[in-house]
Structures are given as C-alpha cells and as structure tokens.
Amino acid sequence: MRPLIAGASLGVLFFISSGLVWFTAGSAGAAAVFAGGILPITISICSLFIFSILKPDTGGHKKYQRFILANFLVKVVLIGLWTALVLLAIHLPREPFIASLLINFFAWHVYEAYRYQQQFKTAQHSTAGMP
C-alpha cells in the first residue's frame with residue numbers, strides 16, 4: 001500500500017504546483033507546467049502497470065532488464081517528441097514547461113526505478129524458498 005501512497009503523493013504535488021502556478025503566473029504558465037508534467041506521469045504509471053502484469057521472477061532476470069531498458073528508451077523518445085511539439089507548435093512559455101518536465105521526469109523516473117527494484121526483490125524473495 002505504501003507504493004500507492006507515494007505515487008499518489010507525487011501526483012497530488014504535481015496538481016498542487018500546477019494550481020499554485022495558475023494563481024501566481026496565470027493560465028499560460030499553469031498550462032506549461034501541466035504540459036511539462038503530464039507525459040512523464042502518464043508514461044511512468046503505464047510502465048509500472050505493465051511491469052506489474054509481467055510479474056518479475058528470478059528465472060526471467062534478463063527479460064525484465066530488457067523491459068526496463070526498452071521502457072527508458074521509449075520514454076526518452078516520447079518525451080523528446082512531446083518537447084518538440086510543445087515548444088515548436090503549441091508555443092507555451094518555455095521556462096515553466098522545461099522546469100516541470102525535468103522535475104517530473106526525474107521524480108517519476110526515480111519512483112519507477114524504486115518500484116521496479118522492490119517488485120523484483122519481492123519476487124526473488126518469494127521464489128527463493130521454492131525447490
């Protein structure tokens with residue numbers, strides 16, 4: 001249950017910061033903050049969901065390493081395309097967008113890595129006693 005609380009806390013902090021920016025900098029700044037954070041959050045939640053479906057076990061260690069590497073590469077490509085789209089086509093304020101993107105990417109990526117590690121350790125521990 002703790003991982004769910006941590007993920008929910010990150011999400012709540014994101015929405016609170018978007019709201020604070022709305023009150024202090026106006027709607028364009030809040031839209032930029034929201035646009036910067038929504039993709040990293042969505043990607044991380046989807047990745048964690050897919051990883052939990054795969055049910056890591058000790059026999060498939062390389063399989064999950066490949067998943068994590070592919071996940072990171074897809075994440076980087078999607079965020080690069082999103083950044084290009086927002087900065088070149090949508091024309092939101094750059095500074096709040098980039099700051100929100102970086103903060104959310106790093107925060108959610110660290111959370112994701114922690115969850116992968118915890119899930120994999122749990123799976124190893126539960127299968128260690130089996131013959």
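This text gives an overview of the structure that appears in the document. (Residues numbered from 1 in each chain as written. Predicted model: local features only at pLDDT ≥ 70, side-chain atom pairs only at ≥ 80, totals over all residues. Heavy atoms only, no water.)

1. With respect to the overall build of the protein chain
Here's step 1: Assigned secondary structure in the protein chain consists of four helices and zero strands.
Here's step 2: Relative to its 131 residues, the protein chain shows a buried fraction of 34%.
Here's step 3: Contacts in the protein chain between residues far apart in sequence, at least 24 positions, make up 72% of those at least 6 positions apart. (Helix = DSSP H or I, 4+ residues; strand = E, 2+ residues; numbered from the N terminus. Buried < 20%, exposed > 50% of the residue type's maximum accessible area, 1.4 Å probe, protein only. Contact = heavy atoms within 4.5 Å.)

2. Thoughts on the packing of aromatic side chains
Here's step 1: Within this structure, the stated rule accounts for six aromatic pairs.
Here's step 2: Taking 5.6 Å as the distance between ring centres and 70° as the angle between the ring planes, the aromatic pair formed by Phe105 and Phe106 counts as edge-to-face.
Here's step 3: One aromatic cluster in this structure is built from Phe51, Phe67 and Tyr116. (Phe/Tyr/Trp six-rings, centres within 6.5 Å; stacked < 30°, edge-to-face > 60°.)

3. Quick look at the side chain of Ser44
Here's step 1: Note that Ser44 resides in helix α2 (residues 27–54).
Here's step 2: Excluding its chain neighbours within four sequence positions, the residues that come into contact with Ser44 are Lys75, Trp108, His109 and Glu112.

4. Observations regarding the pattern of salt bridges
Here's step 1: In this structure the tally under the stated criterion is one salt bridge.
Here's step 2: Residue Glu112 is joined to Lys75 by a salt bridge in which the shortest nitrogen-to-oxygen separation is 2.6 Å. In this pair, Glu112 is assigned in helix α4 (residues 94–128) and Lys75 in helix α3 (residues 61–90), connecting sequence segments 37 residues apart.
Here's step 3: Overall, Glu112 belongs to the buried group, its relative accessible area being 1%. (Salt bridge = Lys/Arg side-chain N within 4 Å of Asp/Glu carboxyl O.)

5. Structural notes on the nonpolar core
Here's step 1: Residues Ala32, Ala35, Leu39, Ile43, Ile79, Val86, Leu87, Leu92, Phe97, Leu101 and Phe105 constitute the largest nonpolar core, which totals 11 residues.
Here's step 2: Sorting the residues of this core by element identifies α2, α3 and α4 as the ones contributing at least two each.
Here's step 3: Examining the composition of this core, we find that four residues originate from one element, α2, more than from any other.
Here's step 4: Not counting residues within four places of it along the chain, the set of residues in contact with Leu39 comprises Leu78, Ile79 and Trp82.
Here's step 5: Among the nonpolar cores identified, the runner-up in size contains nine residues, and Ile41, Phe51, Tyr111 and Phe120 belong to it. (Core = buried A, V, L, I, M, F, W, Y, C linked by side-chain atoms within 4.5 Å.)

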